[in-house]
Amino acid sequence: MMKTWQAVKRLLPMTAMFGLFLAGCGREDLSVLRPQGPAADRSYGLMELSISIMIVVLLIVFTIAAYVLIRFRRRPGQNEIPEQVEGSIKLEILWTVIPLILVVVLAVPTVKAVFAAGDDHSNDKNAIKVKVTGHQYWWEFEYTDYKVTTAQDLIIPVGKDIAFELETKDVLHSFWVPSLSGKIDTNPAGTINRFSFSAPNEGVYRGKCAELCGPSHGLMEFKVKSVSEQEFQKWIDSMKTPVAVLPEDPALAEKFKAACLTCHAVGDQGINNAPNLTGIGSRESIAGILLNDDTREDGAPIEENLKTWLHDPQSVKPGNLMPNPKDLGLSDAEIDGIAEYLANYKLD
Amino acid sequence: MDWLTTVDHKKIAILYLWAGGLFFGIGGIEALLIRWQLIKPMNNFLDAQTFNELITMHGTTMIFLGVMPVIFALMNAVIPLQIGARDVAFPFLNALGFWTFLFGGILLNLSWVMGGAPDAGWTAYTPLSTSTYSTTHGVDFYTIGLQIAGLGTLIGGINFLATIITMRAPGMTYMRMPMFAWTTFITSAIILFAFPAITVGLVLLTFDRILGANFFEVGAGGSPVLWQHIFWIFGHPEVYILILPAFGIISEVIPTFSRKRLFGYSSMVFATILIAFLGFMVWAHHMFTTGLGPVANALFSVSTMLIAVPTGIKIFNWLFTMWGGQVRFTTPNLFAVGFIPTFTMGGVTGVMLASAPADFQFHDTYFVVAHFHYVIVGGLVLGLFAGLHYWWPKMFGRMLSEKLGKWTFWTFIIGFHLTFFVQHFLGLMGMQRRVFTYLPNQQFDFLNLVSTIGAGLMGVGMIIFLVNILLTSRKPADASNDPWEDGRTLEWTIPSPPPEYNFKQTPLIRGIDAFWKEKVAGNKGMTPAEPVGSIHMPSATILPFTMSIGIFIAGLGFMFSRDEFGNAFMSFLFNNYIVTAIGLIITFGSMLMRSLYDDHGWHIEPEELEGSERT
């Protein structure tokens with residue numbers, strides 16, 4: 001009975017592990033185990049090395065343990081005193097030296113990779129410089145060379161190194177796109193962090209905040225959209241030409257200016273105290289978590305997402321700093337009007 | 001009343017056990033609520049704020065109020081016995097340490113009913129924990145409650161250091177000390193060096209929050225990274241404060257139930273010291289993503305990996321202790337044997353985390369959650385279960401039911417692996433920790449469900465354990481001196497539970513595993529090192545209790561000193577620090593009484609000792 005249980009106990013994790021590997025290791029746009037860029041590759045390489053070493057160590061320990069437990073059980077009538085062994089210098093040296101060697105095997109590539117990760121490209125003329133600012137609970141991306149500011153969707157040209165400079169306006173956050181790179185904290189001004197990654201393949205990658213930052217920490221998501229060089233240039237151009245598209249209905253436009261543009265910006269109007277709304281109709285999500293892709297089961301049309309958000313922002317992201325539009329004196333019809341306008345405010 | 005005034009280490013052990021058990025239960029319920037919220041995506045069982053309070057209190061409670069007191073319970077119950085002493089070095093301080101811990105813990109948990117629990121995570125990273133972003137009194141309860149509880153731990157640590165250095169029985173050299181005594185000794189040394197760091201940190205944060213200082217306020221030149229350094233300079237050694245006693249327990253249980261002496265005793269001692277030393281050198285591995293730069297990251301990576309070496313020595317020594325022995329699968333030994341592979345799994349993920357560039361991916365994800373639960377639950381809690389089942393007869397004179405014990409083991413360990421094994425994968429698949437919910441369709445759903453089911457199973461294991469205690473407490477206290485029959489150390493030479501004075505005559509130690517050595521030599525008991533004589537005992541006193549109550553009142557008064565109460569009288573009392581003053585007067589008054597009245601204790605005379613011992 002005991003033996004079967006021991007065997008089952010030891011086999012369970014292994015079967016579970018293989019089961020998981022067969023089921024795939026998470027989404028391509030999200031999983032650490034399916035790296036999509038050189039920075040994530042570097043981490044993944046070390047993971048593969050360390051996991052291999054550790055599986056060997058585990059197998060040795062489990063094998064010895066299983067052998068000992070089966071072979072040296074006390075049997076009925078076994079009353080003689082077993083030999084009292086003090087120890088064995090040879091064996092003890094053996095299991096001091098072997099782990100030391102294993103540690104060195106892991107430490108050398110680790111140190112190499114640490115210094116490689118320290119290479120931040122901030123002086124690289126070819127790199128795209130992006131200043132990331134964390135806010136409770138959204139992300140601001142400023143392209144310093146282009147004087148373009150956007151929020152929630154980070155658009156990057158495929159294959160180019162992106163040189164990030166990160167800080168926070170309030171509490172600590174941590175900027176993490178698992179399939180592209182490891183995370184780095186955003187500290188308050190004065191302790192600015194720099195790092196860099198690139199995305200060799202076009203696609204949309206899911207980013208997260210990895211540092212507890214208040215109630216909506218878990219919902220502080222963003223997207224990294226890797227696009228072709230031409231598309232990126234086109235996006236920059238349309239973000240730069242400061243045509244502030246306002247609602248067609250002049251009354252609604254006035255309301256929008258009075259209620260929204262005191263914190264938000266569209267084009268050259270308003271201010272950047274809250275997510276920049278320029279071209280919001282082209283974004284991947286509203287508030288980072290309401291996905292605009294209505295072909296997916298968890299997505300919804302952008303207009304619907306905007307309405308969900310605007311009618312009660314607190315229910316979508318508890319603790320966020322956006323006032324409820326109703327408290328700003330907007331009627332339900334006006335909120336729907338603004339949602340409709342924003343949904344159609346796309347970049348060409 | 002007897003319990004409020006006791007200074008007997010064995011009774012204080014029981015107090016620690018019940019109080020620790022109570023807080024452990026609270027922390028466990030918090031854990032189950034957390035897991036229930038995460039059972040499916042976008043669950044709305046809990047709101048975000050409550051969830052953050054729960055994770056903060058779960059971590060804080062488990063580390064400071066759940067497992068540490070149970071460790072202290074075992075140390076108190078066993079250490080004086082193992083080294084052949086009649087009590088700890090400072091019985092009065094021992095009681096004081098317990099009461100400050102208890103009142104600190106009560107203060108912290110009062111936050112649930114007094115306007116909001118702490119919500120900034122158990123690490124309380126600034127600026128989230130400053131009054132700007134955490135606007136309830138929650139973090140005040142954290143800083144002041146932990147400060148008071150920490151006082152108790154520090155007092156306890158110093159007490160055990162003094163006890164082990166000065167009160168070993170004749171012949172017990174350091175290299176003849178039982179392994180649990182050794183790990184207690186080293187743990188106490190770590191406490192002595194690590195706790196002052198958190199004490200300072202908590203004072204600074206209290207000043208920031210209550211008096212408006214700027215230690216961590218960025219706008220006024222403070223640094224949020226400073227808090228992280230202070231916290232982890234304490235926080236990393238704290239991990240070893242927790243795990244070393246478990247190593248000690250395992251090193252007692254495995255030899256006993258293998259009927260062999262510990263393999264490589266001196267290398268075990270050396271490894272323990274080395275782990276403690278390295279433990280202080282690696283705090284910044286909690287901060288790889290903070291932006292310390294490649295040099296710091298490289299140094300802390302390598303120094304962290306080195307800890308694998310002494311830990312590996314321990315694992316193999318345990319395995320080879322069983323090699324060639326006669327292993328009995330009693331409940332304590334099941335837990336000890338289950339500890340080895342489980343803790344090893346936690347250890348190897350620790351080495352993986354040490355590699356900084358890989359840690360950029362692991363950090364603050366469920367991979368880390370899995371890792372430290374493998375170490376703390378799979379290591380320490382299994383160790384504590386082993387220790388509790390092992391020493392229960394010595395503490396209470398009653399054997400816990402073996403049958404229920406085995407049920408506890410199997411439900412708990414299966415539940416444990418179900419809960420935490422899958423969390424490694426959740427982390428690698430992109431789930432960050434401390435999230436109150438997660439979006440659907442990220443392939444997180446199934447694994448979270450499995451994890452929650454596992455947590456339920458662990459809960460079942462705990463309930464079986466409680467039932468076991470309850471049923472056992474109704475049985476007669478008839479355990480023999482050496483109920484496991486293969487006891488090797490001094491505690492098994494005296495009755496269960498031991499008399500108030502422990503040893504009628506201090507034993508003479510003639511080697512490692514002193515009792516075993518006598519047994520092999522054909523002796524029934526230890527050779528006494530002294531004639532039967534009058535035994536000096538310390539007097540019971542209520543002062544440790546009143547001192548702690550005073551600190552508790554002062555803490556509450558200080559915390560609410562800035563508040564507007566609806567009631568003018570209350571505002572007057574608190575805003576003028578009158579409540580604080582009353583508390584401090586109680587504390588210092590008690591200290592004064594302790595100084596003014598000389599209490600010489602009392603004696604148990606030889607004639608009373610005769611015939612009072614059962615065999």
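Residues numbered from 1 in each chain as written. Chains lettered and ligands numbered in written order. Predicted model: local features only at pLDDT ≥ 70, side-chain atom pairs only at ≥ 80, totals over all residues. Heavy atoms only, no water.

## Re the overall build of chain A
Line of reasoning, step 1. Tallying secondary structure elements over chain A gives eight helices and 14 strands in all.
Line of reasoning, step 2. For 348 residues, the compact-globule formula gives about 20 Å, and the C-alpha radius of gyration of chain A, at 27 Å, lies well above that figure.
Line of reasoning, step 3. In terms of overall dimensions, chain A has C-alpha extents of about 100 × 50 × 35 Å along its principal axes.
Line of reasoning, step 4. Scored against the burial criterion, the 348 residues of chain A give a buried share of 52%.
Line of reasoning, step 5. Look at the contacts in chain A between residues 6 or more apart in sequence, and 61% of them connect residues 24 or more apart.
Line of reasoning, step 6. Working note: accessible area of chain A is about 15,500 Å², and carbon and sulfur atoms make up 59% of it.
Line of reasoning, step 7. Between the mean site of the 34 positive side-chain charges and the mean site of the 44 negative ones, chain A shows a separation of 10 Å. (Helix = DSSP H or I, 4+ residues; strand = E, 2+ residues; numbered from the N terminus. Rg over C-alpha atoms; globule rule 2.2 N^0.38 Å. Buried < 20%, exposed > 50% of the residue type's maximum accessible area, 1.4 Å probe, protein only. Contact = heavy atoms within 4.5 Å. Areas by Shrake-Rupley, 256 points an atom, 1.4 Å probe, with all protein chains shown as cover. Lys, Arg positive; Asp, Glu negative; His and termini not counted. Charge placed at Lys NZ, Arg CZ, Asp CG, Glu CD.)

## A short note on the nonpolar core
For soluble globular proteins, nonpolar side chains are generally found buried alongside one another.
Line of reasoning, step 1. In terms of nonpolar packing, the biggest core is built from 286 residues, with Tyr 143, Phe 164 and Phe 175 of chain A together with Trp 318 and Leu 319 of chain B touching the most fellow members.
Line of reasoning, step 2. Residue contributions to this core peak at 21 residues, all from helix α3 (residues 48-82) of chain B.
Line of reasoning, step 3. Each residue touching Tyr 143 of chain A, except ones within four places of it in the same chain, is listed here: Ile 128, Lys 129, Val 130, Val 148, Thr 150, Leu 154, Ile 155, Phe 232, Trp 235 and Ile 236 of chain A. (Core = buried A, V, L, I, M, F, W, Y, C linked by side-chain atoms within 4.5 Å.)

## Re the sheet that holds strand β10 (residues 222-227) of chain A
Residues and elements named next belong to chain A.
Line of reasoning, step 1. Read from one edge to the other, the open sheet built from five strands follows the order β4-β10-β9-β6-β7, with strand pairing classed as mixed. Lying at the two open borders of the sheet, with one neighbouring strand each, are β4 (153-157) and β7 (181-186). Strand-to-strand twist in this sheet, taken as the mean axis angle between neighbours without regard to direction, amounts to 25°. (Pairing = 2+ DSSP bridges. Axes fitted to C-alpha atoms, helices over the stretch in contact; angles between N-to-C directions.)

## Topic: the sheet that holds strand β3 (residues 148-151) of chain A
Residues and elements named next belong to chain A.
Line of reasoning, step 1. Here five strands make up an open sheet; going across it, the order is β3-β2-β1-β5-β8 and the pairing mixed. Edge positions in the sheet fall to β3 and β8 (193-197), since each of these pairs with one other strand and no more. Mean inter-strand twist for the sheet, computed between neighbouring axes without regard to direction, equals 25°.
Line of reasoning, step 2. Note: strand β1 (residues 128-135) against strand β2 (residues 138-143), six bridges, orientation antiparallel.

## Considering the confidence of the model for chain B
Line of reasoning, step 1. When pLDDT is averaged across chain B, the result is 94; 99% of the residues are at 70 or more.
Line of reasoning, step 2. For this predicted complex, the interface score ipTM comes out at 0.92, while the overall pTM is 0.94. (pLDDT = per-residue confidence, 0-100.)

## Details of the packing of aromatic side chains
Line of reasoning, step 1. Scanning all chains against the criterion turns up 78 aromatic pairs over all chains.
Line of reasoning, step 2. An angle of 20° between the planes, with centres 5.4 Å apart, marks the rings of Trp 95 of chain A and Phe 316 of chain B as stacked. Taken together, the residues Trp 95 of chain A in helix α3 (residues 89-117) and Phe 316 of chain B in helix α10 (residues 308-322) connect one chain to another. Each member of the pair, Trp 95 of chain A as well as Phe 316 of chain B, is classed as buried.
Line of reasoning, step 3. A centroid spacing of 6.1 Å and a plane angle of 45° characterise the contact between Tyr 174 of chain B and Trp 182 of chain B, whose relative ring orientation is tilted.
Line of reasoning, step 4. On the accessibility criterion, Tyr 174 of chain B (30% relative accessible area) is partly exposed. (Phe/Tyr/Trp six-rings, centres within 6.5 Å; stacked < 30°, edge-to-face > 60°.)

## A closer look at the packing of α3 of chain B against helix α5 (residues 138-166) of chain B
All names here are of chain B.
Line of reasoning, step 1. Interhelical geometry of α3 versus α5 gives an angle of 25° and a closest axis separation of 11 Å. One element, α3, and the other, α5, form an angle in the roughly parallel class. For α3 against α5, the interelement crossing comes out left-handed. Side by side, α3 and α5 meet where Thr 60, Phe 64, Leu 65, Met 68, Phe 72, Met 75, Asn 76 and Ile 79 of the first sit next to Tyr 142, Leu 146, Ala 149, Thr 153, Gly 156, Gly 157, Phe 160 and Ile 164 of the second.
Line of reasoning, step 2. Within the contact of α3 with α5, the residues separate by chemical class into 11 nonpolar, five polar and no charged. (Parallel < 35°, antiparallel > 145°, perpendicular 65-115°, else oblique. Left-handed = near helix turned anticlockwise from the far one by under 90°. Nonpolar A, V, L, I, M, F, W, Y, C, P; charged D, E, K, R; others polar.)

## Some words on the packing of helix α2 (residues 9-37) of chain B against helix α15 (residues 445-473) of chain B
All names here are of chain B.
Line of reasoning, step 1. The N-to-C vectors of α2 and α15 enclose an angle of 155°; their axes lie 10 Å apart at closest approach. Relative to α15, the element α2 lies roughly antiparallel. By crossing handedness, the relation of α2 to α15 is classed as left-handed. On α15, the residues touching Trp 18, Phe 24, Leu 32, Arg 35 and Trp 36 of α2 are Asn 448, Ser 451, Thr 452, Ala 455, Gly 456, Met 462 and Ile 469.
Line of reasoning, step 2. Considered class by class, the residues forming the contact of α2 with α15 number seven nonpolar, four polar and one charged.

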